[in-house]
Amino acid sequence: MEIFKEYGVEHGLVSLGGNVQALGGKQDCVITSGGYERFFEQDGVRYHHIIDPRTGSPADSGIISSTIISSDGALADGLSTSLFIMGLEEAEKYWRANADKFDFVLEDRSGKLYISEGAAKMITTEMDMEVEASFFS
């Protein structure tokens, strides 16, 4: 984004695999980490690529997808993986202490969504889904 701005580019899209950031209009960055695209199965067990540094094994926090919305792309990238590894309870605590820096959408194994207050104000959908509202202030 800084290079775009340096050369006077006013509108653009940068995609680095799972990381996408838009320039122009609203400039919040949305980055998602999940174990549903990069994985393999062995003996009926799915192993994804997000490693929990505490165990050295694929993270098993109950979260299957972690989306971060922030004006800071590097922060969003780090937090999408971190909240995925933390799990719901630790992620909520971290967000409450840093809510001015990011918002999130987390999905658990059952398909239930957990959405921060700021993210809930930005998202509209016609999908039939269950949303946990306990993160609203």
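Residues numbered from 1 in each chain as written. Predicted model: local features only at pLDDT ≥ 70, side-chain atom pairs only at ≥ 80, totals over all residues. Heavy atoms only, no water.

Account for the overall build of the chain, with residues named and values stated.
The secondary structure content of the chain amounts to 4 helices and 11 strands. Out of the 137 residues in the chain, the part that is buried amounts to 32%. The contacts in the chain between residues at least 6 apart in sequence include a share of 43% that link residues at least 24 apart. A total of about 8500 Å² of accessible surface is found on the chain, and carbon and sulfur atoms cover 51% of it. (Helix = DSSP H or I, 4+ residues; strand = E, 2+ residues; numbered from the N terminus. Buried < 20%, exposed > 50% of the residue type's maximum accessible area, 1.4 Å probe, protein only. Contact = heavy atoms within 4.5 Å. Areas by Shrake-Rupley, 256 points an atom, 1.4 Å probe, with all protein chains shown as cover.)

Could you give me a rundown of the side chain of H48, with the residues and numbers involved?
Within the fold, H48 resides in strand 5 (residues 45-48). Here I50 takes part through its backbone nitrogen, which lies 3.1 Å from a polar atom of the side chain of H48. At 2.9 Å, the side chain of H48 forms a polar contact with the backbone oxygen of A59. What H48 contacts, discounting residues up to four positions off in sequence, is G35, R38, F39, P58, A59 and F84. (Polar contact = N/O pair within 3.5 Å; in protein donor to acceptor, adjacent residues only side chain to side chain.)

Describe in detail the pattern of salt bridges, supporting the description with residues and values.
Oppositely charged side chains can form a pair if their charged atoms are brought close together. Scanning the entire structure with this criterion turns up 8 salt bridges. The closest approach of N and O atoms between E41 and R46, which form a salt bridge, is 3.6 Å. On the basis of relative accessible area, E41 is assigned to the exposed category, the value being 52%. In this structure, the salt-bridge partner of D60 is R109, at a minimum N-O distance of 1.9 Å. Here the residue D60 occupies a position in the loop between strand 7 (57-58) and strand 8 (63-70), and R109 occupies one in the loop between strand 9 (103-108) and strand 10 (113-115), the gap between them amounting to 49 residues. Side by side, D60 and R109 carry an identical accessibility label, which is exposed. (Salt bridge = Lys/Arg side-chain N within 4 Å of Asp/Glu carboxyl O.)

Requested: an account of the side chain of N98, with residues and values cited.
With respect to the helices and strands, N98 occurs in helix 3 (residues 88-98). When its relative accessible area of 15% is taken as the criterion, N98 is described as buried. Only 2.9 Å separates the side chain of N98 from the backbone oxygen of Y94, close enough to count as a polar contact.

Explain the confidence of the model for the chain to me, using residue names and the numbers behind them.
For the chain, the mean per-residue pLDDT works out to 86, and 88% of the residues sit at or above 70. By mean pLDDT, strand 11 (residues 131-132) is the weakest element of the chain at 59, and helix 3 is the strongest at 95. (pLDDT = per-residue confidence, 0-100.)

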